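Results of the structural survey
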Amino acid sequence: MTATLFIDGSWVSAASGDSRLIRCPADGREVGEASEAGAEDTHKAIAAAKRAFERRVWADTPAAERGDFLLQVAEQLRERKAEFARAEALDTGKRLVEAELDMDDIIACFTFFGKLADSDPGRLVDAGDPTVISRVVYEPVGVCGMITPWNFPLLQAAWKLAPALAAGNSLVLKPAELTPHTSMLIMDVFDSLGLPDGVANLVTGSGAEAGAPLAEHPDVDMVSFTGGLVTGRKIASAAAQTVKKVALELGGKNPNIVFADADFDAAVDNALNAGFVDSGQVCSAGVRLIVEESIKERFVDELVRRAEAITMGGPFDEAAETGPLISEEHRQKVYDYTQAGIEEGAVLRCGHHFGPEELSSGFFYAPTVLDEVRRGMSVVRQEGFGPVITVETFTTEAEAIATANDTEYGLAGAVWTTDRATAHRVSSRLRHGTVWINDYHPYLPQAEWGGFKQSGVGRELGRHGLDEYREAKHIYENTEPAVTGWFRSPDQS
C-alpha cells in the first residue's frame, strides 16, 4: 500500500488502505499516488502531536536552536530546489520557472522565521513596586492543525510551518488532496534534520475526511486554514465548538485601480500580471480592473491585445507564459462563472474558451477580459479564481475608492498613479490588508499578510505571523510576600 502519511516519525498508509492517483493538470500524466487518509488517521496524527507537545521535546528546545533548525531547513531546500520545484510543477501544472520562484520565496520564509525565532523572549513590566517582578513571556499555542490549498502548495504550508516550529508547537499538516508531493518532501527534510518524532505530522486526503478533524478535535489548540470563504466559514464554526484559536485566509476580490496619469505601459503590463499570473489562481489576483474613464478605451484595447497573445502550455514548455487550471471541475466552475457574467450583460472582449487543440489533454482556460461590468454583477461580487479580468470605470478619486471597497472581501489591491499624494490618500482609504502602489503581487516575509472583512482573520508572515502561534503569559512575582490584612483574622479582637 502507498505510505504517504507521516505520523509520529514514521511513513504509514491510510488505515483504510485507500489511495489517490495524482495527475498533472497540464497533460494528465500520472505523477504519483498518495494515501487517502480518513478521520481515523488524522486522529492518530493529532494524538502523536499532543504526546510530543506534552513531552516538551520541541517546546523546551531553546528558541535559538529552533531557529537554527529552520535555517538548516532553508539550506536543505536550496540544495534540493530542483527536486522540489519539479514536484510542485507536476502537481499544479504551473510553469517550472514559477515553481522555482516559489521555492525562492519558501526558502526566504524559513530563513526569516529562523532568524526571528529567538528575537523576542518577552518583556519586563513596570509594576510600580520594587518588590514585584512582572514579566510577559511567550509560549507555544500547542497542537496546531494546518489546512493548505493547491495553488501554492508548499509556499502556503511554509507560511504556517515556519512560524509554528519557530514558536515551539507541534503540528498536523493536511495539504490539498490534489497537490501532496512537496508536503511529503518537506516532512522528509524535517525528519532528516532530526526533528523529534511527533512534532510534525502529515495526512494526505480530502478536506471533508482528513481535514475536518483538525477543526473539530478538542486536542487541537489552533487551526490555520488558507482556502475558500465557504470552507473557511465551516472551519470557523467547527473550531468555535472547542473555542480553539483560528487563523483564516479566505481569498479576495482585489481591485487594481488605474488613474489616467499612470505610466501606461507599466500599468497595462502589470494588469496582465495581476490577473493572469498562475492562471488567476491566486488569492490576491487583481482581477477587478478599475480604470479611469478618460483612458479606459485605450487601456482595455491594449490589455485585450496583449491577453490574446499569451501563450499557454505545460510546466516544461519554455515558450509557455501561463499554465492550466488545477482540474476539470475547477475549469468548469471558471467557465460557468464567466458565462454568468456575460448573461448579466458583461461584454466578452477575449478568452472564455479552453485553448488550442494541442492542449486538449490539459485543463487550460484562455485569459479572459469582461468589459462593461457593473458593481452588482456576480463576476464582480464573487471570487472566480481563474484568469478572468473584469473592467469597471471611475471619474473621481472618491468613486474609485468607493468602487474598490464595495466588496465583502479585503485582501489586497493596487493603485497606479504618478501623483504620490493621490497614491497615499487612496491607499490609506482602501479596506484591504495589502496595498501596492505602482506594482502588483510582490510580498515580503518580513511584512504581515492577511485580509480585512471576509478575507479572513489573523495574519501570516512578519512578526505578527509568529505571534499567531504563541500565547502571551503574564508572570507576577512578589519577592517580599506578606500578610495583606484584607480580611480580619479570627484571633484579632
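Reading guide: rules and limits
- Residues numbered from 1 in each chain as written.
- Predicted model: local features only at pLDDT ≥ 70, side-chain atom pairs only at ≥ 80, totals over all residues.
- Heavy atoms only, no water.
- Helix = DSSP H or I, 4+ residues; strand = E, 2+ residues; numbered from the N terminus.
- Expected span 1.5 Å × (residues − 1).
- Contact = heavy atoms within 4.5 Å.
- Polar contact = N/O pair within 3.5 Å; in protein donor to acceptor, adjacent residues only side chain to side chain.
- Buried < 20%, exposed > 50% of the residue type's maximum accessible area, 1.4 Å probe, protein only.
- Pairing = 2+ DSSP bridges.
- Core = buried A, V, L, I, M, F, W, Y, C linked by side-chain atoms within 4.5 Å.
- Phe/Tyr/Trp six-rings, centres within 6.5 Å; stacked < 30°, edge-to-face > 60°.
- Lys NZ or Arg CZ within 6 Å of the ring centre and 35° of its normal.
- Axes fitted to C-alpha atoms, helices over the stretch in contact; angles between N-to-C directions.
- Parallel < 35°, antiparallel > 145°, perpendicular 65-115°, else oblique.
- Left-handed = near helix turned anticlockwise from the far one by under 90°.
- Nonpolar A, V, L, I, M, F, W, Y, C, P; charged D, E, K, R; others polar.
- Lys, Arg positive; Asp, Glu negative; His and termini not counted.
- Salt bridge = Lys/Arg side-chain N within 4 Å of Asp/Glu carboxyl O.

As a further point, take helix α9 (residues 264-276). For α9, with 13 residues, the first-to-last C-alpha span of 18 Å sits near the 18 Å given by 1.5 Å per residue. Where α9 is buried, its residues contact β12 (255-258), α10 (296-308), β15 (368-371), β16 (388-394) and β17 (412-416). One side-chain oxygen at the N-terminal end of α9 lies 3.3 Å from the backbone nitrogen of Asp265; it belongs to Asp263. Asp278 sits one or two residues past α9 and shows a positive phi near 55°.

Take the pairing of β16 next. Burial of β16 is extensive: six of the seven residues sit out of reach of the surface. Two strands pair when backbone bridges link them, and strand β13 (residues 288-292) and β16 are joined in this way by five bridges, in the parallel orientation. Of the residues in β16, the one forming a bridge with Arg288 is Thr390. Pairing analysis gives three bridges linking β15 to β16, with the strands arranged parallel. Pairing of Thr368 across the sheet is with Val388, part of β16.

The biggest cluster of nonpolar side chains holds 86 residues, and the ones touching the most others in it are Phe110, Phe113, Leu171, Ile186, Phe190 and Phe299. The element best represented in this core is helix α5 (residues 153-167), accounting for eleven residues. Non-local contacts of Phe110, meaning those with residues more than four positions away in its chain, are made with Leu70, Leu71, Val73, Ala74, Leu77, Ala158, Leu161, Ala162, Ile186 and Phe190. Ranked by size, the runner-up nonpolar core spans 25 residues in total, among them Ala45, Val203, Leu214 and Leu250.

Right, let's get into the packing of aromatic side chains. Under the counting rule described, the total for this entry stands at 14 aromatic pairs. Relative to Phe190, the ring of Phe69 has its centre 6.0 Å away and its plane inclined at 45°; by these criteria the two rings are tilted. Of this pair, Phe69 sits in helix α2 (residues 63-79) while Phe190 sits in helix α6 (residues 181-192); the two residues are 121 residues apart in sequence, bridging distant segments of the chain. A relative accessible area of 5% means that Phe69 is categorised as buried. The class of Phe190 is buried, set by a relative accessible area of 1%. Plain terms: the ring middles of Phe354 and Tyr365 are 6.3 Å apart, the flat faces sit at 55° to each other, and that makes the pair tilted. Highlighted residues: Phe354 in the loop between β14 (347-350) and β15 and Tyr365 in the loop between β14 and β15, separated in sequence by eleven residues. On the basis of relative accessibility, which here comes to 30%, the residue Phe354 falls in the partly exposed class. These aromatic residues form a ring-pair network of at least three members: Trp159, Trp436, Tyr440, Tyr443 and Trp449. The ring of Phe53 carries the charged tip of Arg56 above its face, separated from the ring centre by 5.3 Å.

Strand order across the open sheet formed by seven strands is β14-β15-β16-β13-β12-β17-β18, with mixed pairing between neighbours. Each edge of the sheet is formed by a strand with only one pairing partner; in this case those strands are β14 and β18 (434-437). Across the sheet, the mean angle from the axis of one strand to that of its neighbour is 25°, orientation sign disregarded. Where β17 and β18 come together, four bridges link them in parallel fashion. Within β18, the residue paired with Ala414 across the bridge is Trp436. Packed onto the sheet, α9 meets β12, β15, β16 and β17 and runs at close to 135° relative to β16.

For the rest of this paragraph, the subject is the packing of α9 against α10. One can describe the packing of α9 onto α10 by two numbers: an axis separation of 10 Å at closest approach and a directional angle of 55°. Taken together, the axes of α9 and α10 lie oblique to each other. Judged by the twist between their axes, the crossing of α9 over α10 is right-handed. Contacts between α9 and α10 involve Phe264, Ala267, Val268, Asp269, Ala271, Leu272 and Phe276 from the first element and Arg298, Phe299, Glu302, Leu303, Arg306 and Ala307 from the second. Looking at the contact of α9 with α10, its residues break down into nine nonpolar, no polar and four charged.

To continue, consider the side chain of Glu292. Within the secondary structure, Glu292 is located in strand β13. Look at Glu292: it is buried, it has no salt bridge, and the nearest opposite charge is Arg425 at 11 Å. Aside from chain neighbours lying at most four places away, what touches Glu292 is Val258, Phe259, Ala260, Phe394 and Thr395.

What follows deals with the sheet that holds strand β5 (residues 122-125). Within a sheet, each strand pairs with its neighbour through backbone hydrogen bonds, oriented either parallel or antiparallel. Taken together, three strands build an open sheet; the order of strands is β5-β6-β20 and the sheet is antiparallel. Of all the strands in the sheet, just β5 and β20 (470-478) have a single pairing partner and so form its edges. Across the sheet, the mean angle from the axis of one strand to that of its neighbour is 20°, orientation sign disregarded. One ladder, built from nine bridges, connects strand β6 (residues 132-140) with β20; its direction is antiparallel. In the strand pairing of β20, Glu139 is matched with Glu471.

Once that is clear, we can look at the pattern of salt bridges. In this structure the tally under the stated criterion is 31 salt bridges. As a salt-bridge pair, Arg80 and Glu83 come within 2.9 Å of each other at their nearest N and O atoms. For Glu83, a relative accessible area of 39% translates into the label partly exposed. Across the salt bridge formed by Glu328 and Arg331, the nearest N and O atoms sit 2.7 Å from each other. Here Glu328 and its partner Arg331 are both found in helix α11 (residues 328-343), three residues apart, which amounts to about one turn of the helix. In this structure, a network of salt bridges that share partners links the residues Lys296, Asp301, Arg349, Asp371 and Glu372.

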